[in-house]
Amino acid sequence: MKEVKMLEFPQRGDNRGRLVIVEGMQDVPFEIKRIFYIYGSDADVVRGQHANRKTEFVLINVSGTSKVKVLDGKGNEAIFSLNRPHTGIYLPNMVWKDMYDFSPDSVLLVLASEHYDAEEYIRNYDDFVKEVNNE
Ligand code: TYD
């Protein structure tokens, strides 16, 4: 699927443990304006279920595991497993995403290219399909 891709971040490990580095415009393809993280979601919960007109995201399971299903609204879909603290998935704007299958210890860190603006969310799938095909 166009542009959606897994990223691998540089790791520094020594006998004290590990350190993972994520720098804006270097390890992720945007300046990071916002972070949030999601934890305490049960295994049967589906989160996300929206597209963003403007915001690009990188999702990293810094602890535990989850899955992300991405749909482009043009008939393509892909499922990614987030299961290592030094990998993430890059999601461009205008893709539909569902996050699910959260492990009990899942902490899903999200880096965003924009500040929060509820107006740029598309929360109805049919509206998303219409909008993406009219671009
Ligand atoms: P929501 O978009 O439903 O979370 P998810 O990304 O899992 O789909 O957000 C949950 C609530 O938090 C909702 O009321 C909007 C609010 N919220 C903010 O105020 N700022 C933010 O940056 C985010 C991501 C959510």
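Attention in this report is confined to the structure presented alongside it. (Residues numbered from 1 in each chain as written. Predicted model: local features only at pLDDT ≥ 70, side-chain atom pairs only at ≥ 80, totals over all residues. Heavy atoms only, no water.)

1. Examining the sheet that holds strand S12 (residues 121–122)
Stage number 1. Taken together, five strands build an open sheet; the order of strands is S8-S7-S10-S5-S12 and the sheet is antiparallel. Every interior strand has two partners, whereas the edge strands, strand S8 (77–82) and S12, have only one.
Stage number 2. Pairing of strand S5 (residues 47–52) with strand S10 (residues 96–100), which is carried by three bridges, proceeds in the antiparallel orientation. Among the inter-strand pairings, His-50 is bridged to a residue of S10, identified as Lys-97. (Pairing = 2+ DSSP bridges. Helix = DSSP H or I, 4+ residues; strand = E, 2+ residues; numbered from the N terminus.)

2. Let's talk about the site of the ligand
Stage number 1. In the region of the ligand, the neighbouring residues are Arg-34, Phe-36, Ile-38, Arg-47, Gly-48, His-50, Tyr-116, Tyr-121 and Arg-123.
Stage number 2. Residue Arg-34 places a side-chain N or O atom 2.5 Å away from an oxygen atom belonging to the ligand.
Stage number 3. Gly-48 is positioned such that a nitrogen or oxygen atom in its backbone is 3.0 Å from an oxygen atom of the ligand.
Stage number 4. Alone, the ligand offers 530 Å² of accessible surface; in the complex the protein occludes 59% of this.
Stage number 5. If you list the elements that add at least two residues to the shell around the ligand, you get strand S4 (34–39) and S5.
Stage number 6. Partitioning the shell around the ligand into residue classes produces four nonpolar, two polar and three charged. (Near = heavy atom within 4 Å. Polar contact = N/O pair within 3.5 Å; in protein donor to acceptor, adjacent residues only side chain to side chain. Areas by Shrake-Rupley, 256 points an atom, 1.4 Å probe, with all protein chains shown as cover. Nonpolar A, V, L, I, M, F, W, Y, C, P; charged D, E, K, R; others polar.)

3. Digging into the sheet that holds strand S6 (residues 57–63)
Stage number 1. Ordered by their spatial adjacency, five strands build an open sheet running S1-S9-S6-S11-S4, and the pairing between neighbours is antiparallel. Either end of the sheet is taken by a strand with one partner, and the two such strands are strand S1 (5–8) and S4. Going from strand to strand, the sheet's axes swing by 25° on average, the running direction of each strand aside.
Stage number 2. Strand direction decides the pairing type here: S6 and strand S11 (residues 107–112), joined by six bridges, are antiparallel. (Axes fitted to C-alpha atoms, helices over the stretch in contact; angles between N-to-C directions.)

4. A few points about the side chain of Thr-55
Stage number 1. Within the secondary structure layout, Thr-55 lies in the loop between S5 and S6.
Stage number 2. Polar contacts involving the side chain of Thr-55 include one to the side chain of Glu-120, which spans 2.6 Å.
Stage number 3. Ignoring anything within four residues of it in the chain, the contact list for Thr-55 reads Arg-34, Pro-92, Asn-93, Ala-112, Ser-113, Glu-114 and Glu-120. (Contact = heavy atoms within 4.5 Å.)

5. Things to note about the nonpolar core
Stage number 1. One finds Leu-59, Val-70, Ile-89, Leu-91 and Leu-108 to be the most contacted residues of the largest nonpolar core, which totals 18 residues.
Stage number 2. Breaking this core down by element, the ones donating at least two residues are S6, strand S7 (66–71), S8, strand S9 (87–91) and S11.
Stage number 3. Formed by nine residues, the second largest nonpolar core is a distinct cluster that contains Val-58, Ile-60, Tyr-90 and Leu-109. (Core = buried A, V, L, I, M, F, W, Y, C linked by side-chain atoms within 4.5 Å. Buried < 20%, exposed > 50% of the residue type's maximum accessible area, 1.4 Å probe, protein only.)

6. As for the environment of Phe-80
Stage number 1. As for its placement among the helices and strands, Phe-80 is situated in strand S8.
Stage number 2. Between the alpha carbons of Phe-80 and Arg-47 there is a distance of 15 Å; along the sequence they are 33 residues apart.
Stage number 3. The contacts of Phe-80, once residues within four sequence positions are left out, are Val-4, Met-6, Ser-66, Lys-67, Val-68, Val-70 and Ile-89.

Read these as layout, nothing more, since geometry by itself doesn't imply function.
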